[in-house]
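What the coordinates show
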Amino acid sequence: MQSGSGHMQGGQDGPAWRVDAADPGAGAQVRLSGRWQLRTFSGRQPDMAAELARLVAAHPQAAWSLRDVTRLDSLAAVLLWRAWGRRLPDRVDLRPEHRTLFARLAAMSAAPSAPVAPRSEAVRAGVRPLLSHAVELLALSGQVLLDIARVIAQPSRLPWRDLSAAVFRTGTQALPITAMVGFLVGVVFCYLSGRQLQQFGADVFIVNLLGITVVRELGPMLAAILVAGRSGSAITAQIGVMRLNQELDAMTVLGLPHGLRLVLPRVLALLLVMPLLVAWTSVATLAGGVLAAQVELGIAPGQFIERLRATLPILNVGIGLLKGVVFGALVAIVSCHFGLRTRPDTASLGRSVTASVVTSITVVILADALFAVTFSGMGLRR
Amino acid sequence: MSPTEGVVLDVEGLETRFGHQTVHRDLSLQVRRGEVLAIVGGSGSGKTTLLRQLLGLERPVAGKVTVFGTDLARTDAAERAAIRARWGVLFQQGGLFSALGALDNVALPLRELRRLDDEVVREVAALKLSMVGIGPEHHHKRPAQLSGGMARRVGLARAIALDPELLFLDEPTAGLDPVLARGFVALLQELAAELAPTVVIITHDRETVAALASRVAVLSRGRIVALGTVADVAAVDDPAVSAFFAHDAAGASAGDTDPPRVGA
């Protein structure tokens, strides 16, 4: 007697998989045949699994025959295994090559361990890493100072070629973008503040306002943020890829210290370049201001510059340039730090670059606040 | 021309050129169903480029590569996807995704089918890993945390994740020490017996060839200079062939002191 329930088949190429279920009372038999292969399941696997589960439920005591199964791939084996409840049926007829497959599945016994959720990793990324970052940054800064001392004693040890390449990449190539951003910010800033000052008839004070904010605050900040974004990320990515390629290990083994060969040239380059970029950005921003002042408030450029010279204490220029030096060093050290901390996988590289840029900018703003407090009484007329 | 029955992979008059450098000229090769073909040759003979051609990663300047009866250069995305579900590749460098753990690396091709339960996917992946002798304690390790030999085995598990009909192995034993290499060859033998795929091995290791290959193709100067069983090919009088088979006998090879063992 043929049971109505157990008859299904599928697949398109060759002899497809096939199930025949006979249910003559006690001696129920389920016979599988054909190619039980991944590709011949054209439908969705959950349907297939449900189908098999129904089959097992309908014939709980059945004898299973897989004699005529020509191919049995891992997916089919796993599906059968799960339908059988992770054990072979009491009566089952298997080909020897399929027996090994099920033996493996039996050996795996318990279900594969659930994936360790990366969540725990995220939770741990709380306070302790922050501390370890701070300690490592401090150590790296100390290392840079020691390296600088060593290079002063023995200038030939400095990789001059790397230094000049870094100066070119972080400095020369940053000129257009810093000039453009500075100029536009100058135009917008002057336009908006000019409107406010006009209400009090204090048009000409735009020069005082623009001079002090741009030279002392805006220029260094703009330059630092742009450099953190373009050079800082590049430094982290470059050193990170060197970790991926085992170049860092190779350097260690060859006795080339990372500090002297990688960190120092980049830190020195930014130390040298940042004050220049700050000056450049400030000039571009003021130029934007000059333009907007002429158009919006009718202040002639000659008048603007004259008044700027008269009202801006020169000390502010010094503070701006000093900020440039400090910000440059901070961005370079933070970027190198995250580059060196990269672990040898691509996801870690991505995280490092993000963390590097975010941390650089945050550290720069913190440092800027410290500057504001330290120099609060200097260079400002009352 | 319809490909003859039983030919899984057919290369006809293949020509590869990079700029002015011709890598392959008029190269023809057939791989028959169920055989284990080793493609051997010295470094720079164009082995790896040939593999890239077979995988459709390079486009031939002339000639064509037919896989499962489909010309690779004339396939659309769906056909290519169908072909790629039927073959598996073990890359020389492993090609494991460094951001994923071992289990997820093996599960990836199964997940990409997009019609399987994730629980089933993980169980199949775990089964594949157990086939290559990787236990559950290593399932979550990233490739960087695995030893070279283990990473190679995870790569193999990923290559066989879909029970491929056609398996490409690029330098399967390169960079492994002789003991590990022998173990890996034994593993390949075992899996070849269990899964019975057609295998194409790119190698320069004579021991691998002797242990696994049913046929050998010697690649030299951009073409196949000898093709046949190991014994047949060893008898061919060609500098490239004798260079390959006499290498160890001359003691020129480093790292392996076994006496030459040709034929099976």
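So, how was this worked out
Residues numbered from 1 in each chain as written. Chains lettered and ligands numbered in written order. Predicted model: local features only at pLDDT ≥ 70, side-chain atom pairs only at ≥ 80, totals over all residues. Helix = DSSP H or I, 4+ residues; strand = E, 2+ residues; numbered from the N terminus. Buried ≥ 20, exposed ≤ 12 C-beta atoms within 10 Å, placed from the backbone. Pairing = 2+ DSSP bridges. Right-handed = clockwise from strand over helix to strand, strands pointing away. Contact = placed C-beta atoms within 7 Å. Axes fitted to C-alpha atoms, helices over the stretch in contact; angles between N-to-C directions. Core = buried A, V, L, I, M, F, W, Y, C linked by C-beta atoms within 7 Å. Parallel < 35°, antiparallel > 145°, perpendicular 65-115°, else oblique. Left-handed = near helix turned anticlockwise from the far one by under 90°. Nonpolar A, V, L, I, M, F, W, Y, C, P; charged D, E, K, R; others polar. pLDDT = per-residue confidence, 0-100.

Some remarks on the overall build of chain B
Scanning chain B for helices and strands turns up 9 helices and 10 strands. Counting all 264 residues of chain B, 43% fall into the buried class.

As for the pairing of strand β4 (residues 63-72) of chain A
All names here are of chain A. Here strand β3 (residues 29-36) runs beside β4; their pairing, made up of 7 bridges, is parallel. Within β4, the position partnered with Arg31 by the bridge is Ser65. Note that β4 and strand β5 (residues 92-93) share 2 bridges and pair parallel. Bridge pairing in β5 places Ser65 opposite Asp93. Note that the unit made of β4, helix α2 (residues 74-83) and β5 has a crossover that is right-handed.

Details of α2 of chain A
Judged by how many residues are buried, α2 of chain A sits mostly within the fold: 8 of 10 residues are covered. The set of residues buried in α2 of chain A consists of Ser74, Leu75, Ala76, Ala77, Val78, Leu79, Leu80 and Trp81 of chain A. Residues of α2 of chain A that are buried sit in contact with β3, α1 (45-58), β4 and α3 (96-108) of chain A together with α4 (118-131) of chain B.

What about the sheet that holds strand β4 (residues 62-67) of chain B?
Residues and elements named next belong to chain B. Read across the sheet, 4 strands follow the order β2-β1-β4-β5 without closing on themselves; strand pairing throughout is antiparallel. The outermost strands of the open sheet, each flanked by one partner alone, are β2 (21-32) and β5 (70-71). Relative to β4, strand β1 (residues 7-18) runs antiparallel, the two sharing 5 bridges. By the bridge assignment for β4, Glu12 is matched with Lys64. Sheet contacts for helix α1 (residues 47-54): β1, β2 and β4; angle to β1, the most-contacted strand, approximately 120°.

Quick look at the nonpolar core
Among the nonpolar cores identified, the biggest contains 95 residues, and Ile39, Ala125, Ala157 and Ile201 of chain B are the most heavily contacted of them. Among all residues touching Ala125 of chain B, those that are not within four sequence positions of it are Leu103, Val106, Ala107, Leu110 and Ala161 of chain B.

Thoughts on the sheet that holds strand β9 (residues 215-220) of chain B
Residue and element names in this part refer to chain B. The strand order β6-β7-β8-β3-β9-β10 describes an open sheet built from 6 strands, whose pairing is mixed. The sheet is open, and its two edges are formed by β6 (87-90) and β10 (223-228), each paired on a single side. Going across the sheet, the axis of each strand differs from the next one's by a mean of 15°, ignoring polarity. Relative to β9, strand β3 (residues 36-40) runs parallel, the two being bridged by 4 bridges.

Some points on the pairing of strand β8 (residues 198-203) of chain B
Residues and elements named next belong to chain B. β8 sits mainly inside the fold: 6 of its 6 residues count as buried. Bridge analysis of β3 against β8 gives 5 bridges, and the strand direction is parallel. By the bridge assignment, Val36 is partnered in β8 with Val199. As paired elements, strand β7 (residues 166-170) and β8 share 5 bridges and run parallel to each other. In the strand pairing of β8, Asp170 is matched with Ile202. Taken together, β7, helix α6 (residues 178-195) and β8 constitute a β-α-β crossover, and its handedness is right-handed.

Some points on the packing of α1 of chain A against α2 of chain A
Residue and element names in this part refer to chain A. α2 packs onto α1 with a crossing angle of 40° between their chain directions and a minimal axis gap of 9 Å. It follows from the interaxial angle that α1 and α2 lie oblique. Note on packing geometry: the crossing formed by α1 with α2 is right-handed. Contacts between α1 and α2 pair Met48, Ala49, Leu52, Ala53 and Val56 from the former with Leu79, Leu80, Arg82 and Ala83 from the latter. Residue classes in the contact of α1 with α2 are distributed as 8 nonpolar, no polar and 1 charged.

Looking at the confidence of the model for chain B
In the predicted model, chain B carries a mean pLDDT of 83, and the fraction of residues at 70 or more is 91%. This model gives residues 248-264 of chain B a pLDDT under 50, and the stretch forms 19 contacts once residues within four places in sequence are excluded.

So, the environment of Leu322 of chain A
By the element assignment, Leu322 of chain A lies in helix α12 (residues 315-341). C-alpha separation for the pair Leu322 of chain A and Met274 of chain A, spaced 48 residues apart in sequence, amounts to 9.4 Å.

A short note on the packing of helix α8 (residues 206-244) of chain A against helix α13 (residues 346-374) of chain A
All names here are of chain A. Running from N to C, α8 and α13 point in directions that differ by 150°, and their axes come no closer than 9 Å. In terms of crossing hand, the pair formed by α8 and α13 is right-handed. Along the contact surface, α8 presents Met221, Ala224, Ile225, Ala228, Gly229, Gly232, Ser233, Thr236, Ala237, Gly240, Val241 and Leu244, while α13 presents Leu349, Ser352, Val353, Ser356, Val357, Ser360, Ile361, Val364 and Asp368. Within the contact of α8 with α13, the residues separate by chemical class into 12 nonpolar, 8 polar and 1 charged.

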